[in-house]
Amino acid sequence: MKVALGQFAVSSDVDANIATCRMLIRQAHGADLLVLPEGVLARDITDPDMVLKAAQPLNGPFIEALLPETRNGPVVMLCIHVPVPGRDKVSNVLVVLRDGAVVAQYHKLHLYDAFSVQESRHVEPGDRVPPLLEIAGFKVGLMTCYDLRFPELARRLALDGADVLVAPSAWLRGPLKEDHWDLVTRARALDNTVYVVAADECGPRNIGRSVVVDPLGVPVAQAAEGPALLFAELSAERLVQARASLPVLQNRRFAPPELSTPA
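Residues numbered from 1 in each chain as written. Predicted model: local features only at pLDDT ≥ 70, side-chain atom pairs only at ≥ 80, totals over all residues. Heavy atoms only, no water.

### What about the packing of aromatic side chains?
Per the counting criterion, the structure on display carries three aromatic pairs. Grouped by ring-pair contacts, the aromatic residues Y112, Y146 and F150 constitute a single cluster. The side chain of K2 reaches across the aromatic face of F231, ending 5.0 Å from its centre. The aromatic ring of F115 is capped on one face by K177, whose charged end is 5.0 Å from the ring centroid. (Phe/Tyr/Trp six-rings, centres within 6.5 Å; stacked < 30°, edge-to-face > 60°. Lys NZ or Arg CZ within 6 Å of the ring centre and 35° of its normal.)

### Quick notes on the sheet that holds strand β9 (residues 133-135)
Strand order across the open sheet formed by six strands is β9-β10-β11-β12-β13-β14, with mixed pairing between neighbours. For this open sheet the edge positions go to β9 and β14 (219-222), each flanked by a neighbour on one side alone. Taken pair by pair, the neighbouring strands of this sheet meet at an average axis angle of 25 degrees, ignoring direction. (Pairing = 2+ DSSP bridges. Helix = DSSP H or I, 4+ residues; strand = E, 2+ residues; numbered from the N terminus. Axes fitted to C-alpha atoms, helices over the stretch in contact; angles between N-to-C directions.)

### Some details on the packing of helix α4 (residues 151-160) against helix α5 (residues 177-192)
The interhelical angle for the contact between α4 and α5, taken along N-to-C directions, is 40 degrees, at an axis separation of 10 Å. With respect to their mutual orientation, α4 and α5 come out oblique. Along this stretch, α4 crosses α5, giving a crossing that reads as right-handed. Together, P151, A154, R155 and A158 of α4 and R188, D191 and N192 of α5 make up the contact between the two elements. Residue composition of the contact of α4 with α5, by class: three nonpolar, one polar and three charged. (Parallel < 35°, antiparallel > 145°, perpendicular 65-115°, else oblique. Left-handed = near helix turned anticlockwise from the far one by under 90°. Contact = heavy atoms within 4.5 Å. Nonpolar A, V, L, I, M, F, W, Y, C, P; charged D, E, K, R; others polar.)

### Focus on the nonpolar core
Formed by 50 residues in total, the largest nonpolar core has its most connected members in V3, M77, V164, V197, V212 and L234. Setting aside its immediate chain neighbours within four residues, L234 contacts M1, V3, F138, V164, Y195, V197 and V212. Counting 28 residues, the second largest nonpolar core, distinct from the first, contains L24, L41, M50 and L67. (Core = buried A, V, L, I, M, F, W, Y, C linked by side-chain atoms within 4.5 Å. Buried < 20%, exposed > 50% of the residue type's maximum accessible area, 1.4 Å probe, protein only.)

The quantities given are spatial measurements derived from coordinates; they are silent on function.
Listed below in structure tokens is the structure:
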């Protein structure tokens, strides 16, 4: 499977972000999958309430503008904020676009209430583990940014049959944060003998460094800190080799993780 990762700095201008996403989809033609960052609808580092002001439903103008680009193009994965009916809250939704339609969605389970940030102030967490998708013969599991710090979700998806974990992200800058990014992307791949495809936002707030990690924890492609379109080939043979030499999924002694019910 050929994957592409589109890394850019999200603007406060929704139309500008639409234009950037459309450009990246067109440039990624020939890839089976294009992964874009988390929160691509709009962002303003001076306005923490932007997620509420800019949120759109999945049938809103942002997604509708992108759907035609996915006809005869790559499967596209990205995250936007979607209003929660009857609440002054939004959901952080990973949206999967394929052949001109929304074919799947995943509501982020783990909200980023860490390092003096409180995502839950505006965002409601999801309540279910997402099903796998099949793309170019690979089974793909969905995660979003902060989810990478929780090995239970990655292990659950791997035990469900995932070959690849995809994680649109907006990884914030800060002390040791680049080290954390490198560690968790590599660990989730190695822990579960899966590929990890993590597309991150860049710009003044986020680190960039979008990465593809192979099933033995080896980064096979990585962007720097600026805008980029990164390509990588995922190999079924490498998956077989990794799982034969490191059969952690077979050797485990614990039951598959289950999502807990909120108190």
